[in-house]
Each structure stands twice: as structure tokens, then as C-alpha cells.
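In case you want the letters, here they are:
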Amino acid sequence: PNTVGVCEIFGNNIDLPDAVKILPAGLAVLAAGNWNDRVRAKLSNEEVYSFLEHLRQHFDIVIINTHPVLMVAESSPLIRNADAVVLSVERYETRL
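Residues numbered from 1 in each chain as written. Predicted model: local features only at pLDDT ≥ 70, side-chain atom pairs only at ≥ 80, totals over all residues. Heavy atoms only, no water.

Quick word on a nonpolar patch on the surface
Point 1. A cluster of nonpolar side chains, Leu23, Leu27 and Val29, forms an exposed patch at the surface whose accessible area comes to about 240 Å².
Point 2. One can find valine 29 in strand E2 (residues 28-29).
Point 3. Take valine 29: its relative accessible area is 34%, and that puts it in the partly exposed class. (Patch = residues over 30% accessible without salt bridge, like charges linked within 9 Å, V, L, I, M, F, W, Y side chains within 5 Å. Areas by Shrake-Rupley, 256 points an atom, 1.4 Å probe, with all protein chains shown as cover. Salt bridge = Lys/Arg side-chain N within 4 Å of Asp/Glu carboxyl O. Helix = DSSP H or I, 4+ residues; strand = E, 2+ residues; numbered from the N terminus. Buried < 20%, exposed > 50% of the residue type's maximum accessible area, 1.4 Å probe, protein only.)

What follows is the structure, encoded as C-alpha cells:
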């Protein structure tokens, strides 16, 4: 369930260890959590960069699954601070 995650960390409601779920195979998953305007206000480049650096210190690989790039502004800080970006497009349908 997506009850606790990144949004709660940015909202200062929970710490990273309490938000991460460890699956039986050893994979750590951090859900999005519950979106709200307070979280949106904290999504500056500096905050996102700091958060991703914190994740990089604790995990070998950080994979971010985000909203479609052109549909919501909140994807932009994540993309700017990622090491790499993979775009999924539909041939003859997706236009940039």
C-alpha cells in the first residue's frame, strides 16, 4: 500500500528507515506516499538533490519512477538531479 513514502519524508512526518519497505529478495522500496501541497512547496532543486544524495549514501542503486515528464512540474527537479533518465514513448503517439 502507498500509505507512507517520499511525501511523508518531505513533510517531516517520518524518517527514511521507517518509510522504506524491504522485500524478501532484499530489494528496498520507497513508495510515493500521500501527495499534498506542503510537499509540493518543498520540492526545490536543493531539497531533491539533498534527498537523492541521502538515498545514494544508503543504497547501491536508486531508481525513480515518476509521472510523465510533460504532464506535471514535480517531475522536473527529479529529472535534473538524476544520474540518468530513461524515457518510455509510444511510436507515432508521443510528441516532444
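A few points about the pattern of salt bridges
Point 1. All chains considered together, the criterion is met by 3 salt bridges.
Point 2. Here aspartate 37 and arginine 40 are joined by a salt bridge, their closest N and O atoms 3.3 Å apart. With aspartate 37 and arginine 40 both in helix H3 (residues 37-42) and 3 residues apart, the pair spans about one turn of that helix.
Point 3. The shortest N-O distance in the salt bridge between arginine 56 and glutamate 53 comes to 2.8 Å. Of the two residues, arginine 56 and glutamate 53 both sit in helix H4 (residues 45-58), 3 residues apart, roughly one turn of that helix.
Point 4. A single salt-bridge network, built from bridges that share partners, covers Glu53, Arg56 and Asp83.

What to know about the side chain of glutamate 8
Point 1. Assignment of secondary structure puts glutamate 8 in helix H1 (residues 6-10).
Point 2. A distance of 3.0 Å separates the side chain of glutamate 8 from the backbone nitrogen of asparagine 34, its partner in a polar contact.
Point 3. Excluding its chain neighbours within four sequence positions, the residues that come into contact with glutamate 8 are Thr3, Asn13, Ile14, Ala32, Gly33 and Asn34. (Polar contact = N/O pair within 3.5 Å; in protein donor to acceptor, adjacent residues only side chain to side chain. Contact = heavy atoms within 4.5 Å.)

Some remarks on the nonpolar core
Point 1. Core analysis: the biggest nonpolar cluster contains 12 residues, these being Cys7, Ile9, Phe10, Leu16, Ala19, Val20, Val39, Leu43, Val48, Phe51, Leu52 and Leu55.
Point 2. For this core, the elements supplying multiple residues, two or more each, are H1, helix H2 (16-19) and H4.
Point 3. With 4 residues, H4 is the largest single contributor of residues to this core.
Point 4. In contact with phenylalanine 10, other than residues within four places in its own chain, are Val39, Lys42, Leu43, Glu47, Val48 and Phe51. (Core = buried A, V, L, I, M, F, W, Y, C linked by side-chain atoms within 4.5 Å.)

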